[in-house]
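Coordinate inspection notes
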Amino acid sequence: MLLGRYSEEMMMLLEEHVRDGDFATMRQPLDFYGVNYYNPMRIAAADETAEFAVRVP
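In this report, we go over the structure that sits alongside the text. (Residues numbered from 1 in each chain as written. Predicted model: local features only at pLDDT ≥ 70, side-chain atom pairs only at ≥ 80, totals over all residues. Heavy atoms only, no water.)

As for the packing of aromatic side chains
Just so we agree on the cut-off: Working definition: rings of Phe, Tyr and Trp (its six-membered ring) pair if their centres are within 6.5 Å, and the pair is stacked with planes under 30 degrees apart, edge-to-face with planes over 60 apart, and tilted otherwise. Under the DSSP-based scheme used, a helix requires at least four consecutive residues in state H or I and a strand at least two consecutive residues in state E, with every element numbered from the N terminus. Exposed residues in this analysis have more than 50% of their type's maximum accessible area, buried residues have under 20%, and partly exposed residues fall in between, with area computed by a 1.4 Å probe over protein chains only.
In total, this model carries one aromatic pair according to the counting rule given. Judged by centre distance (5.9 Å) and plane angle (75°), the rings of Tyr 6 and Phe 23 are edge-to-face. One end of the pair, Tyr 6, is in the segment before α1 (8-14); the other, Phe 23, is in helix α2 (residues 22-26), and 17 residues separate them in sequence. Tyr 6 sits in the partly exposed class, given a relative accessible area of 25%. Looking at Phe 23, the relative accessible area reads 22%, which means it is partly exposed.

As far as function goes, none of this settles anything; it's purely spatial.
This is the structure in structure tokens:
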């Protein structure tokens, strides 16, 4: 989203909700970037043989 577009996978889920002008709004420069730490969850890369790409340390 910070690139002014959605990934192809996300666009397949959201295309019916995207309206004309949405991407122009998303491409505007940011003057503030906030991060929500109310419920942090730390993850790490998993071993190559793991079922999932990430693991909870």
